[in-house]
Every structure is written in C-alpha cells, then in structure tokens.
Amino acid sequence: MKFLFCNWLLILFFLSFSANSQVKNSSFQLSLKNDNDVYLLERSDRYYTNGVFVDFLMKLSKDTSKSTMLAIEFGHRLYTGVKNEKDNKSYWDRKFAANIVLKSSVYRFIQENKLVRFSIQVDKVGPTAYGEDVQNFIHHLFRLYEIEGWETELPNSIGIDLGIQYEQEFVKSRKGNFAISTNLSAVIGSHNKQASVGL
C-alpha cells in the first residue's frame, strides 16, 4: 500500500513538474500541481515542504449571468520542522505532519461581480497519511540527505471542516486590467476555525 501510494505521488509529480497541466473545454478543467522546497534551490526541508494536488472544476449551469461551478480537490501535504539547539540539546521547533485532503466546493456567481462559495473538506493527519514514506521516497529518488524527525509526527486524526466565502468586486478599470474587491470568509470544523475579511 505504501509503495503504491508513493508511486501515485511520483506520477503526479512528473505530470505537474513544470507548472499546472490543464485540459480545458467549455465545461470543465483539470489541473495537476506540485509544490516543493527543491524549486527554491534549497537542499533542506522546512515547514510546508511538499504538496501534490489534483483539482477538477466543472460548470453546472449554462446561465452565464448566474453560473454555478463544482470544484473537487484531492491533495497530499508534508510539513517538517527545523532542528535547533539549546543547552547542548537538540530539538525540533515543530512536530512533523502529513495530511491527505479531499475538498469539495460549490461556486455560485450571483451576478457578474459577486461570488459565493460553500465548501466541505475531509482530511486525515498522521502516520496513515504516509508522510515519512513519501519524503523518504522523494529523497531517495533524488539522492538527497537522510530524513530524521518523523518520530515527532502528529498522531492519527480525521477532521471535517465547513467553509463559506463571499467576494464582491466594487471597483474595476475600464480596460478590465485592475480591480478591487472585498472578501469575507469563515471556516469551522475539527481541524480549522478561522474567519477573515480582506480586500
């Protein structure tokens, strides 16, 4: 199972190595994405160190004035700490973690300049997300340094989060190359609780 999971991530990594790879038509979009510290030309992992994502976006309505879209994301993320020393003792400044995420969102364009999004996310954190195996696989593949620190990994847990977002564009240039919009969002659940307001 671990071997198959690592191979699956490797396939996605190479498919999305250069940038987003997208297949588009009038009704759907598929994208494969990868984030990794190696793109910053650093030979060390720290904090958010790797992510692989598959995103699917599909239009549910043909009415252009009130378009509705469905988005589904499947992803895997790795988080690592930084080793520090204090009083001749080494310690990690944060626990290591991996999570597998499945997120579904519905976007509703109320008007041309107004958008509402509802989302539900299920994610698994802990050893059953195979973080140590995936990182070891990547480092072995690219002949990087030996991994340490996964003994601090967060325990297994499953979370469900619900989210809502409202966005409205209220200033836009005539040519359409500049716009200002307001953004209100909130998330509540077992792994995330947050609210934000922004421009």
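Cut-offs applied
- Residues numbered from 1 in each chain as written.
- Predicted model: local features only at pLDDT ≥ 70, side-chain atom pairs only at ≥ 80, totals over all residues.
- Heavy atoms only, no water.
- pLDDT = per-residue confidence, 0-100.
- Contact = heavy atoms within 4.5 Å.
- Buried < 20%, exposed > 50% of the residue type's maximum accessible area, 1.4 Å probe, protein only.
- Helix = DSSP H or I, 4+ residues; strand = E, 2+ residues; numbered from the N terminus.
- Pairing = 2+ DSSP bridges.
- Phe/Tyr/Trp six-rings, centres within 6.5 Å; stacked < 30°, edge-to-face > 60°.
- Arc of directions from axis to C-beta.

Attention now moves to the confidence of the model for the protein chain. On average, residues of the protein chain score 82 in pLDDT, and 83% of them are at 70 or above. Contacts from residues 16-25, a stretch scored under 50 in pLDDT, to residues over four places away or in other chains number 19 contacts.

Here we take up the pairing of strand E11 (residues 193-198). E11 sits mainly on the outside: zero of its six residues count as buried. When strand E10 (residues 179-189) meets E11, the two strands line up antiparallel, connected through six bridges. Considered in E11, the bridge of Val187 is made with Gln194. Once E10 ends, the chain turns through three residues before running back antiparallel as E11.

This structure, assessed with the given rule, holds four aromatic pairs. The rings of Trp92, Phe96 and Trp150 are connected pair by pair, giving a single aromatic cluster.

With that settled, the discussion passes to helix H2 (residues 131-141). Those residues of H2 not exposed but buried are Gly131, Val134, Gln135, Ile138 and His139. Taken down its axis, H2 places every buried residue within 130 degrees of arc, on the same side. Remark: Arg143 follows H2 within two positions and exhibits a positive phi of approximately 55 degrees.

Take the pairing of strand E8 (residues 114-125) next. Bridge analysis of strand E7 (residues 97-111) against E8 gives twelve bridges, and the strand direction is antiparallel. Bridged to Val101 within E8 is Asp123. Between the end of E7 and the start of E8, which pair antiparallel, lie two residues. Note: E8 against strand E9 (residues 157-172), twelve bridges, orientation antiparallel. Opposite Ile120, over in E9, you have Leu162 as the bridge partner.

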